[in-house]
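Structural characterization, general
Residue strings, one per chain:
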Amino acid sequence: MTLDEAVETIYREFSTTWMAANPTSKIFFDNEAGSPPECRVWARTIVRETGSKQHSLGATGGRRFRRSGLIITQIFTKLDIGVRDALQKAEQARSIFEAVDFGGTLNTYNTT
């Protein structure tokens, strides 16, 4: 799976699952223009590659690597309504990716 395919898979899964649970919300992905919408809650999700490790030996072109990355989802709510709604939505966002395999891309959440 290429980096582009992995990012698209992550975005698609987040969008599908998030919007099913929060149909009136809005999502922004990395490098998308937009201003905060008028809805009660909205999310911004970005993906960053963080490194790779070689996992096999062999000739150039035949070696296998394991790549890692970071999914960052920020949850925004209207001002002056407290943090409870944002924290509940953050839990929803985490559950989309925590220990789930999406077509060869294993996503885990590290709370530290």
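Thresholds applied
Residues numbered from 1 in each chain as written. Predicted model: local features only at pLDDT ≥ 70, side-chain atom pairs only at ≥ 80, totals over all residues. Heavy atoms only, no water. Axes fitted to C-alpha atoms, helices over the stretch in contact; angles between N-to-C directions. Helix = DSSP H or I, 4+ residues; strand = E, 2+ residues; numbered from the N terminus. Parallel < 35°, antiparallel > 145°, perpendicular 65-115°, else oblique. Left-handed = near helix turned anticlockwise from the far one by under 90°. Contact = heavy atoms within 4.5 Å. Nonpolar A, V, L, I, M, F, W, Y, C, P; charged D, E, K, R; others polar. Pairing = 2+ DSSP bridges. Core = buried A, V, L, I, M, F, W, Y, C linked by side-chain atoms within 4.5 Å. Buried < 20%, exposed > 50% of the residue type's maximum accessible area, 1.4 Å probe, protein only.

A closer look at the packing of helix H1 (residues 3-21) against helix H2 (residues 84-97)
Packing of H1 against H2 leaves a shortest axis separation of 10 Å and a crossing angle of 135°. As the angle between them shows, H1 and H2 are arranged oblique. Here the hand of the crossing between H1 and H2 comes out right-handed. In contact with Ile10, Glu13, Phe14, Thr17, Trp18 and Ala21 of H1, H2 contributes Lys89, Gln92, Ala93, Ile96 and Phe97. Counted by class, the contact of H1 with H2 contains seven nonpolar, two polar and two charged residues.

Quick notes on the pairing of strand E2 (residues 41-54)
By the bridge criterion, four bridges tie strand E1 (residues 26-29) to E2 in an arrangement that is parallel. Directly across from Phe29, in E2, lies its bridge partner Thr45. Across 13 bridges, E2 lies against strand E3 (residues 65-77) in antiparallel orientation. Within E3, the residue paired with Gly51 across the bridge is Ser68.

Focus: the nonpolar core
With 16 residues, the main nonpolar core has Phe14, Trp18, Ile75 and Phe97 as its most contacted residues. Secondary-structure elements contributing two or more residues to this core are H1, E1, E2 and H2. Counting residues per element, this core draws most heavily on H1, at five residues. In this structure Ile75 touches Trp18, Val41, Trp42, Ala43, Ala86, Lys89, Ala90 and Ala93, once residues within four positions along its chain are discounted.

Some details on the sheet that holds E1
Pairing in this open sheet of three strands is mixed, and the strands run E1-E2-E3 from one edge to the other. Every interior strand has two partners, whereas the edge strands, E1 and E3, have only one. Looking at each pair of strands side by side, their axes are set apart by 25° on average, direction ignored. Along the sheet, H1 contacts E1, E2 and E3; its crossing angle with E2, the most-contacted strand, is approximately 150°. Contacting E2 and E3, H2 crosses the sheet at an angle of about 155° to E3.

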